[in-house]
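What the coordinates show
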Amino acid sequence: DRMWIRAEGLVVGESTAVSAIAQARIVRVHAKCLDVVAEGAPLAEVENEVTWQSTNQELSRLRLLLAQARAQIEIFGKEAQSAHQLYEAQVALRDRQAITLKAQEELARSGFVAPLFLERARADLLRSEAETQAARLTHESKLADQARARSDAVLYAARIVEFQGSPEMMGRYTLRAPKAG
């Protein structure tokens, strides 16, 4: 009813529970009992399912974020194109307002236009300049959003490659011989 084992550690009381430091499943054995191995030679490969599941969840999250970033690149690109078209239209309108103001000023000097119409033309030009500047800022903002989405996509893709390229992050470990023998 008693069992003897040789191990390093401390036994307290009449019985002690013995368990692994971490739960893992042996997936491949490279060396058998009494094989002679070199220092650092692989002995076995183990897989930690908890780490694997956690990593798979993180990979799924990163893949979702990558897909969202790629969609945002496209969305922000289209929004930037629309904002640029709006900006160009505002520039054309502003230029037309400037021409109208010059004509109104000429007519006012000749006495053919009332001062009220001249002031209205100036106000229209000022409003048009403000709208042009707002359209330019919107366009630049959409370009910045698109650039941020691109950098996010690069980051997420790199993290995915990092996870997939690391057996340890995927919960797979190789037990190696600590010394030759």
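Data block above holds the structure.
Not measured: the values here are computed from a predicted model.

The rules behind these values
- Residues numbered from 1 in each chain as written.
- Predicted model: local features only at pLDDT ≥ 70, side-chain atom pairs only at ≥ 80, totals over all residues.
- Heavy atoms only, no water.
- Helix = DSSP H or I, 4+ residues; strand = E, 2+ residues; numbered from the N terminus.
- Salt bridge = Lys/Arg side-chain N within 4 Å of Asp/Glu carboxyl O.
- Buried < 20%, exposed > 50% of the residue type's maximum accessible area, 1.4 Å probe, protein only.
- Pairing = 2+ DSSP bridges.
- Axes fitted to C-alpha atoms, helices over the stretch in contact; angles between N-to-C directions.
- Core = buried A, V, L, I, M, F, W, Y, C linked by side-chain atoms within 4.5 Å.
- Contact = heavy atoms within 4.5 Å.
- Polar contact = N/O pair within 3.5 Å; in protein donor to acceptor, adjacent residues only side chain to side chain.

A few words on unusual backbone geometry. Positive phi values are uncommon outside glycine, yet Leu 34 reaches one of about 75 degrees. Mapping Leu 34 onto the fold places it in the loop between strand 1 (25-29) and strand 2 (42-47).

Let us now look at the pattern of salt bridges. All chains considered together, the criterion is met by 16 salt bridges. Among the ionic pairs, Glu 79 bridges to Lys 142, the shortest N-O distance being 3.0 Å. You can see Glu 79 sitting in helix 1 (residues 49-110) and its partner Lys 142 sitting in helix 2 (residues 115-164), a full 63 residues away along the chain. According to the relative accessible area criterion, Glu 79 is partly exposed, its value standing at 30%. Residue Lys 142 is classed as partly exposed on the basis of its relative accessible area, which comes to 21%.

As a further point, take the sheet that holds strand 3 (residues 172-176). In spatial order, the strands read 1-2-3; together these 3 strands make up an open sheet with antiparallel pairing. Looking at which strands have only one partner, the edges of the open sheet turn out to be strand 1 and strand 3. Ignoring which end each strand starts from, the neighbouring axes of this sheet average 30 degrees apart. Judged from the 4 bridges that link them, strand 1 and strand 2 form a sheet pairing that is antiparallel. Bridging across to strand 2, Arg 25 finds its partner in Glu 47.

A word on the nonpolar core. Counting 13 residues, the largest nonpolar core has Leu 59, Leu 62, Leu 66, Ala 153, Tyr 156 and Ile 160 as its most contacted members. Elements with a contribution of two residues or more to this core: helix 1 and helix 2. Top contributing element to this core by residue count: helix 1, with 7 residues. Leave out the neighbours within four places in its chain, and Ala 153 touches Leu 66, Ala 69, Arg 70 and Ile 73.

Tracing the chain through its elements places Gln 85 in helix 1. In the structure, Gln 85 is positioned 50 residues away from Ala 135 in sequence and 9.1 Å away in space, judged by C-alpha atoms.

Let us look at the side chain of Gln 90. Take Gln 90: it is sitting in helix 1. Given a relative accessible area of 13%, Gln 90 falls into the buried group. At a separation of 3.4 Å, a polar atom in the side chain of Gln 90 contacts the side chain of Glu 131. Filtering out sequence-adjacent residues up to four positions away, Gln 90 remains in contact with Ser 128, Glu 131, Thr 132 and Ala 135.

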